[in-house]
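Structural features, examined
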Amino acid sequence: MKLISPWLSLVVTLVTIPHTALAAMPKSEILLAKLNTEYGLQVSRITNNDVYNNQPLLTQSGIYFTKEVQTDGQSQTDLAFYDFSNQQVVNLTNTAVSEYSPTLTPNGEALSAIVVEADGKQKLWQYPFAHNVTPSRIFEWIEPVGYHAWGAKDDMVMFILGEPHTLQYTQVAAAKPKVVAEHIGRTLTYNHALAAYTFSYNKAQQHWLASYDPQKNTVTDLFRLPQHVQDYAFKDTNTVIYAVDNRVYQRQLTNPEQVSLWLDLTPYCDSNITRMSYLNEQLAFVCAI
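Summarised in this report is the structure supplied together with it.

Procedures and definitions
Residues numbered from 1 in each chain as written. Predicted model: local features only at pLDDT ≥ 70, side-chain atom pairs only at ≥ 80, totals over all residues. Heavy atoms only, no water. Pairing = 2+ DSSP bridges. Helix = DSSP H or I, 4+ residues; strand = E, 2+ residues; numbered from the N terminus. Buried < 20%, exposed > 50% of the residue type's maximum accessible area, 1.4 Å probe, protein only. Axes fitted to C-alpha atoms, helices over the stretch in contact; angles between N-to-C directions. Polar contact = N/O pair within 3.5 Å; in protein donor to acceptor, adjacent residues only side chain to side chain. Contact = heavy atoms within 4.5 Å.

**Some details on the sheet that holds strand E9 (residues 122–128)**
As summarised here, the arrangement of the 4 strands in space is E7-E8-E9-E10, forming an open sheet in which the pairing is antiparallel. Two strands in the sheet have a free side with no partner beyond their single neighbour: strand E7 (98–104) and strand E10 (136–137).

So this is what it looks like as structure tokens:
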């Protein structure tokens, strides 16, 4: 499993993948909204809409994402990159197995991602940017991993598949995860201002945004999310954004009762907006087809 050379020069989810090849996945496309340009809001498509494109990660140089690849009527996923410099998409991986959920490691020297290995097990790998360093598993035995988020001290939380799905925390060196929440959603983040992770989970038939403080080993409910919403992102350390249908709303952690419409993206997505990634007055978002 190696990254191909172009990179080196530089609500159906995938967590239930049982094999390395699947029937066609739900179609979705990734769009990029540029805010506050001289022409106002500008939105462009960075992928086509004939396959599954999802899990965007917005960076200074471009957007990492998960892309469906179809061969002989079967599908798998590769890691891909949309380069701002030339407005082109390249596949970063080209293997017989599926990779998804690209995430920058804290030192910025690699991508971490979930790999559905040949035996169907879902494990966490890292893909160094340096061409002379080979990809490797981060954890040999922890699985099945669906999603993950890095913390500030070489630690992380992971979405571990099961009945129910659980949020598990570990120091990377220790590799001994502990369960901190159950019935969780698929979005995981680390908030530096809170010095805590954020996630969503179901409690008493309600879906809540919550935080986990690894130092105190405590879970704190932040506010209740709208029904069916499990995807969210942060504009800044205090502002949460999420979509209801094709409109994006925002709330402050310090004043969660006040909800305001931030962006109406109806002209650009006539179905549902799911995952989002925000950075520097730009929003990458997924529109289901």
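**Description of the pairing of strand E11 (residues 145–150)**
Regular strands place their side chains on alternate faces of the sheet. E11 sits mainly inside the fold: 6 of its 6 residues count as buried. Here 5 bridges tie E11 to strand E12 (residues 155–160), and the two strands are oriented antiparallel to one another. Paired with Tyr147 across the bridge in E12 is Phe159. Counted along the chain from E11 to the antiparallel partner E12, the turn is 4 residues long, and its residue Asp154 has a positive phi close to 55°.

**Comments concerning the sheet that holds strand E19 (residues 233–236)**
Taken in spatial order, the 4 strands line up as E19-E20-E21-E22 in an open sheet, and their pairing is antiparallel. With partners counted over all chains shown, the strands left at the sheet margins are E19 and strand E22 (255–264), one partner each. Adjacent strand axes in the sheet meet at a mean angle of 35° when their direction is disregarded.

**Re the environment of Ser75**
Here Ser75 lies in strand E5 (residues 74–83). For Ser75, a relative accessible area of 3% puts it in the buried group. Here the side chain of Ser75 touches Glu68 through a polar contact of 2.5 Å, side chain to side chain.

**Focus on unusual backbone geometry**
With an omega of 0°, the peptide bond between Glu143 and Pro144 qualifies as cis. Note that Pro144 resides in the loop between E10 and E11. Residue Pro164 is reached from Glu163 by a cis peptide bond, and omega for that bond is 5°. Within the fold, Pro164 resides in the loop between E12 and strand E13 (166–171). You will see that Gln55, though not glycine, has its phi angle at about 55°, which is positive. Structurally, Gln55 can be placed in strand E3 (residues 53–58). Overall, Gln55 belongs to the buried group, its relative accessible area being 5%. Phi is positive for Ser101, close to 60°, though the residue is something other than glycine. Along the chain, the position of Ser101 falls in strand E7.

**What about the side chain of Thr170?**
Mapped onto the fold, Thr170 is located in strand E13. A polar atom in the side chain of Thr170 sits 3.5 Å from the backbone nitrogen of Ala175. In this structure the side chain of Thr170 is engaged in a polar contact, spanning 3.0 Å, whose partner is the backbone nitrogen of Lys176. If near-sequence neighbours (up to four positions away) are discounted, Thr170 is found in contact with Phe139, Asp155, Met156, Met158, Ala175, Lys176 and Pro177.

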